[in-house]
Amino acid sequence: MKFASSYEPNEYEADIYACWEAADEFLPGGRVFHGQPSEKTQSHYSIVMPPPNANGNLHIGHGLTIAIEDALTRYHRLRGEMTWYIPGADHAGFETWVVYERALEKQGHTRFEYSRDELYARVWDFVQEQRGNMELQVRALGASCSWKDLTFTLDENVVRRVYATFEKMWNDGMVYRGEKLVNYCTKHQTAFADIEVEHKDEKGKLWDIAYKVVQEQSSASSEDALLTQRTSSTSRSGAPSSSHLATPEQPLELVVSTTRPETLFGDVAVAVNPEDKRYKNLIGKAVRLPLTDREIPIIADEHADPEYGTGAVKITPAHDNDDFEVGERHNLPRIQVISFDGKMLDNCGPEYAGLTTAECRKKVLKDLKEQGLLRGEKEIVHSVAHCYKCDTVIEPMLKEQWFVDVKKLAKVAIEHLEAGEIKFFPANKKNVLINYLKGLKDWNISRQIPWGIAIPMFRADDGEWIFDSRTNLAEIEIGGKRYKRDEDTFDTWFSSSHWPIVCTDWEEGAVNPYYPLNVMETGADILFAWVARMIMMGLYVTGEVPFSEVYLHGLVLDAHGQKMSKSKGNVINPMELVGKYGSDAFRMGILRGRSAGMNQAFSEQSVVAGRNLCNKLWNVSRFIQEIVDSEQSEQSLSHETLNPGEDWICREINEAKWAIESQMKNYRFSEAVETLYSLIWDKYADWFIETEKIYRNTGLLKETLMAILKMLHPFAPFVTEAIWQNLSWTEGLLISAKWPADFKFDPISAENFEKLMGVVSTTRSTLQALTEAHKGFSKAETVMLYGDDSLVDDNQVLVQKLTGVASVISCEGQPRGLRLPVANHEVYLDVDADVVADYAQALENKILAVGRELDSLNMRMMNPNYVDKAPAELVNETRTLIVEKEELIERLKKEREAI
RNA sequence: GGAUCCUUAGCUCAGUUGGCUAGAGCGUACGAUUCACAUUCGUAAGGUCACAGGUUCAAGCCCUGUAGGAUCCACCA
């Protein structure tokens, strides 16, 4: 006996995985086809793994990803397709850099002690040391991916492809070097793309600051030449909301509203709305910038909202995105006043230089107050950008960076999306994506961190930039001219956007049946960051969309629907669950109750249910193997059906199979698991196996079990393969078996079995009611009688076994006992009159009890005070209850009359 | 400010072009017990499908609005 009495996943999983891998089953087409040209008729199926961090551990989201992707992979493999699931490992540029830098700091060092090349080499070693866990964990989850094709995001072929694309873009004029405001983290000292920034609503303050107006003396053009005709320094008190209209006699001031007073050193203008009557006659004049001796112009710009604050806004093009644009429109200078490490620069004056922005803000406010220029402060809630790793406030900074001009890329992507070339699950994400692409701004791809793919651009002293892929050299010489390497690296999304291209080894002009991918499966949270960019880049590089379908999964939340986080302490480790319940249980558990694109809760309970199903199937198999072993002669496989239960299970298996085929096509994994659960447990084990305890049709038992193992394999690969290997009559490996064919059956016979199930169920429920009603009633001593009923007559033994009565016999003459309420069947339980009486009495008691409840409810409704004064909800509830109770009484009465 | 999604049993969720006597897992109650499985078997209870209107022979599903929750995008000084 190979089958232990329960399935112990830990005893099988590692060996089975090793066996698949050794047999090269994960290669496309498996061992049979590998290395040979595929048959033309054979269809191909390709899917790539979103690369987990090479030196990290898997989290619950990876668990879901692999459960889905491997189910797809195994399903298509069983369907006979050349299936290629390509695994990946991510250098995780910024993520890993943050981890490494923290380690470096712990050792008392900083990144600034080393050159970029040194740092790169150090992180490389660091990653190699930490590497390995992730891949072991992916294996433990059962992913049938082709390890020989593992792609690391820093692999040579990836870098080569990324450089080729960059060069093409450079030649096409689609990348440019530009000085713009970029999102900058002063802690990590690198820029980010817009999408990498986290906006949070925060409480802040809006300060009103008075800027003194000076009269313009001449029409000097340069900003320094705005001359001053000093007005009286007597300040004018009053609320900022009051009018600041200029009259020739009065000293003038313009009160601006700002949340960032420390940036005033970088102000180059004050803007008011051209339609704002309050300030109309100030436009073109100048104000004196507080705490400095600079004078700046008052300009008219739509950006100033008359409704907000005082309606006058200071313009700081070097440190604010809006102001940057205003500055462009009015051709204003940009004055950087905050350094890249977050401190105030020398141009803020000796009192402020060197302070952090926070310190500077304090001092500026204090000084303004002392000078009587602070006119008010108001609490407001506004959205503030933060670094998604360290939470530092993102500083918009003026910086020269490489930008991708995305307009063309986005336009092409939108055209292909609108043409329906990519099918989305859930479908609404297509429009969400189109919407995003329509508003996409140029993409900053430079990062000031050493861990990543070096940008292949070199600059001469005269400012000329050239492309060259020799990024291992800090300096190159071409035609006697020396060029220095740009020290920045690419945004990881720039290289990741090539993922389908690099994983499938796409090459220009070569036939590649695996590109485009059949499906891209990933998290809905990176639709914009990744999916959008893969589509744009795929189209740019290959002219084709990179995948024909996109399946997006949502976040896995904890059992109460809360986001998992270390600080909340509600993080579930997938590997712990795998260790405790087995990989299959985890996979089925996490797919349960989950649909595309939605953030949904997850709990251990569903994994327990999965574990139980594995054990159930194990024991079904064990039982069938026992029957096979007990047979005298070897029985061949057969489709032959001999009794209604057999026709019925054949019908049910066919229907389940068709359901699964449609569910897989539509990415309805949860429903597919439900279908299998119900087929295996509620149908196969609870009814079919029970009938086979009598009939023992070994041929059909073998055949049906094999079909079920194949159908469950995509979701529970280990237990199904373990069973397959343990069964005496199966051959080869289940992983490369053939999807089952339809079973033949007699539909009338199958229908008859369903009727028989009705008889059995009603009998069971009546027996239960009798047990509760009459002390000493025993179903094991009760005889079941039947009248003129050929179906029951043909299946006496079966009905007896399934109901647990003493015997089932034809009733001669007048039937006696209790008639069972089954339509179209004359069946009785031969019980004594006093048992019937007790049963009738039980029904009667119930009728009376419900009657009493009904009376009291009616009494309540007849009380006019109650109806008038009680809350309407309560009154309605009472009305509903009355209707319900009346219906219940009717039902019970009918049942009692039938006795 | 814009967008998307969600609200169905005690909990977590299904419910695909409207046809429903609204399902599952877990949980609850009652009963069973050596012969595949206590990771078992049987039975039962439990739902104004968020709310208010509308379309239809028919609405959990379609339309309009309201309330609550989640997520994403956006430059509000």
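In this text the structure is predicted, and so the values were computed from the model without any measurement. (Residues numbered from 1 in each chain as written. Chains lettered and ligands numbered in written order. Predicted model: local features only at pLDDT ≥ 70, side-chain atom pairs only at ≥ 80, totals over all residues. Heavy atoms only, no water.)

Positionally, D793 belongs in helix 23 (residues 790-794). Within the local environment of D793, its side chain forms a polar contact with the side chain of Q796, the two groups lying 3.3 Å apart. (Helix = DSSP H or I, 4+ residues; strand = E, 2+ residues; numbered from the N terminus. Polar contact = N/O pair within 3.5 Å; in protein donor to acceptor, adjacent residues only side chain to side chain.)

Once that is clear, we can look at the packing of aromatic side chains. A full pass over the atoms with the stated rule returns 41 aromatic pairs. Measuring from centroid to centroid gives 5.6 Å for W170 and W402, while their planes differ by 85°, and the two rings are edge-to-face. Of this pair, W170 sits in helix 7 (residues 156-171) while W402 sits in strand 14 (residues 395-404), and the two are 232 residues apart along the sequence. In this structure W170 comes out as partly exposed when scored by relative accessible area, which is 26%. Since its relative accessible area comes to 0%, W402 is described here as buried. Both rings, one in F586 and one in F602, keep their centres 6.3 Å apart while their planes meet at 80°; by these two values the pair is edge-to-face. Residue F586 is located in helix 16 (residues 583-591), and its partner F602 is located in the loop between strand 26 (600-601) and helix 17 (604-630); the two are separated by 16 residues in the primary sequence. Put simply, the rings of F166, W170, W402, W443, W465, F467, F490 and F494 touch in pairs and so form one group of aromatic residues. Directly above the aromatic system of W402 lies the positively charged group of R177, at a separation of 5.1 Å from the ring centroid. In this structure, R592 packs its charged tip against the face of Y677, placed 4.5 Å from the ring centre. (Phe/Tyr/Trp six-rings, centres within 6.5 Å; stacked < 30°, edge-to-face > 60°. Buried < 20%, exposed > 50% of the residue type's maximum accessible area, 1.4 Å probe, protein only. Lys NZ or Arg CZ within 6 Å of the ring centre and 35° of its normal.)

Near RNA strand B there are 51 residues, and of these Y308, Q600, Q605, N619 and W681 occur at the shortest range. In RNA strand B, atoms within 4 Å of the protein come 72% from sugar and phosphate. In the model, a phosphate oxygen of RNA strand B is placed 3.1 Å from a nitrogen or oxygen of the A601 main chain. At 3.4 Å, a side-chain N or O of D686 approaches a phosphate oxygen of RNA strand B. (Near = heavy atom within 4 Å.)

The subject of this paragraph is the pattern of salt bridges. The tally for this structure, following the rule as stated, stands at 46 salt bridges. With its nearest N and O atoms 3.2 Å apart, the salt bridge here joins R260 to E262. Notably, a salt bridge pairs K693 with E690, separated by 3.1 Å at the nearest N-O pair. Linking K693 with E690, this pair stays in helix 19 (residues 669-695), spanning three residues, or about one helical turn. The network of salt bridges with common partners includes R651, E652, K683, E751 and E754. (Salt bridge = Lys/Arg side-chain N within 4 Å of Asp/Glu carboxyl O.)

Read across the open sheet, the three strands follow the order 15-24-23; overall the sheet is parallel. Single-partner strands in this sheet number two, and they are strand 15 (423-425) and strand 23 (520-523). On average, each strand axis in the sheet is tilted by 20° relative to the strand beside it, whichever way the strands run. The sheet contact formed by strand 15 and strand 24 (residues 549-553) spans three bridges and is parallel. By the bridge assignment, K423 is partnered in strand 24 with E549. This element, helix 3 (residues 60-78), spans strand 23 and strand 24 of the sheet and lies at about 145° to strand 24. (Pairing = 2+ DSSP bridges. Axes fitted to C-alpha atoms, helices over the stretch in contact; angles between N-to-C directions. Contact = heavy atoms within 4.5 Å.)

This next bit is on unusual backbone geometry. In this chain, F425 is followed by P426 through a cis amide linkage whose omega measures 0°. Within the fold, P426 resides in the loop between strand 15 and helix 11 (429-438). P516 follows Y515 through a cis peptide bond whose omega is -5°. Following the sequence through the fold, P516 ends up in the loop between helix 13 (499-503) and strand 23.

Now for the sheet that holds strand 30 (residues 827-830). One open sheet accounts for four strands, arranged 28-27-30-29; its pairing is mixed. Whereas interior strands pair on both sides, the edge strands pair on one side only; in this sheet they are strand 28 (807-810) and strand 29 (818-819). The strands touched by helix 22 (residues 747-773) within the sheet are strand 27 (783-786), strand 29 and strand 30, with strand 30 carrying the most contacts at an inclination of about 30°. Contacts from helix 24 (residues 796-803) reach strand 27 and strand 28, with the element oriented near 145° to strand 28.

Another aspect to go through is the state of the cysteines. Using the criterion set out here, one finds zero disulfides in the structure. Looking at C387, it has no disulfide partner, and the nearest cysteine sulfur is the one in C390, 3.6 Å off. (Disulfide = S-S within 2.5 Å.)

So, about the side chain of S749. Counting through the fold element by element, S749 comes out in helix 22. Other than its neighbours up to four places away in sequence, S749 contacts N643, P644 and D647.

Next up on the list: the environment of K180. With respect to the helices and strands, K180 occurs in strand 5 (residues 175-185). In the structure, K180 is positioned 223 residues away from F403 in sequence and 9.5 Å away in space, judged by C-alpha atoms. Ignoring sequence-local partners within four residues, the contact set of K180 consists of F324, M397, L398, K399, F403 and D442. Reaching out from K180, the side chain makes a polar contact with the side chain of Y176 at a distance of 2.9 Å.

Let's shift gears to the packing of helix 15 (residues 574-581) against helix 16. At a closest axis distance of 7 Å, the pairing of helix 15 and helix 16 adopts a crossing angle of 125°. Relative to helix 16, the element helix 15 is oriented oblique. Packed against helix 15, whose contacting residues are P574, L577, V578 and Y581, the element helix 16 presents S583, A585 and F586 at the interface. The class makeup of the residues in the contact of helix 15 with helix 16 is six nonpolar, one polar and no charged. (Parallel < 35°, antiparallel > 145°, perpendicular 65-115°, else oblique. Nonpolar A, V, L, I, M, F, W, Y, C, P; charged D, E, K, R; others polar.)

With that out of the way, let us pick up the environment of V412. Inspection of the secondary structure puts V412 in helix 10 (residues 406-418). In this structure, the C-alpha to C-alpha distance between V412 and K148, residues 264 residues apart in sequence, is 34 Å.

Before going further, it helps to spend a moment on the side chain of K314. In this structure, K314 sits in strand 12 (residues 312-315). In terms of polar contacts, K314 uses its side chain to reach the side chain of D267, at 2.7 Å. There is a polar contact of 3.0 Å between the side chain of K314 and the side chain of T316. What K314 contacts, discounting residues up to four positions off in sequence, is Y211, V256, T258, R260, T263, L264, D267, A269, V270 and D323.

Look at helix 5 (residues 116-130): 21 Å from first C-alpha to last across 15 residues, which is about the 21 Å you get at 1.5 Å a residue. When we look at burial in helix 5, the residues that qualify are R116, L119, V123, F126 and V127. Taken around the axis of helix 5, the buried residues stretch over an arc of 95°, which confines them to a single face. Positive phi shows up at G132, right after helix 5, with a value of about 125°. (Expected span 1.5 Å × (residues − 1). Arc of directions from axis to C-beta.)

By size, the foremost hydrophobic cluster in this structure holds 210 residues, and its most contacted members are L437, F494, I535, Y684 and F715. Sorting elements by how many residues they give to this core places helix 14 (residues 527-542) first, with 12 residues. Ignoring sequence-local partners within four residues, the contact set of L437 consists of A410, A413, I414, L417, A532 and M536. Ranked by size, the runner-up nonpolar core spans 34 residues in total, among them V256, I298, M397 and F403. (Core = buried A, V, L, I, M, F, W, Y, C linked by side-chain atoms within 4.5 Å.)

Next up on the list: the confidence of the model for chain A. Fine structural detail should not be taken from predicted coordinates in areas where pLDDT scores are low. Residues of chain A with pLDDT of at least 70 account for 88%, and the chain-wide mean is 87. Under a pLDDT of 50 for its full length, residues 31-35 has, in the predicted model, nine contacts with residues more than four places off or in other chains. Contacts from residues 218-250, a stretch scored under 50 in pLDDT, to residues over four places away or in other chains number 52 contacts. Interface confidence in the predicted complex, given as ipTM, is 0.93; pTM for the same model is 0.89. (pLDDT = per-residue confidence, 0-100.)

Taken together, the side chains of D788, D793, D794 and E826 define an acidic patch exposed on the protein surface. Along the chain, D794 turns up in helix 23. (Patch = residues over 30% accessible without salt bridge, like charges linked within 9 Å, V, L, I, M, F, W, Y side chains within 5 Å. Areas by Shrake-Rupley, 256 points an atom, 1.4 Å probe, with all protein chains shown as cover. Lys, Arg positive; Asp, Glu negative; His and termini not counted. Charge placed at Lys NZ, Arg CZ, Asp CG, Glu CD.)

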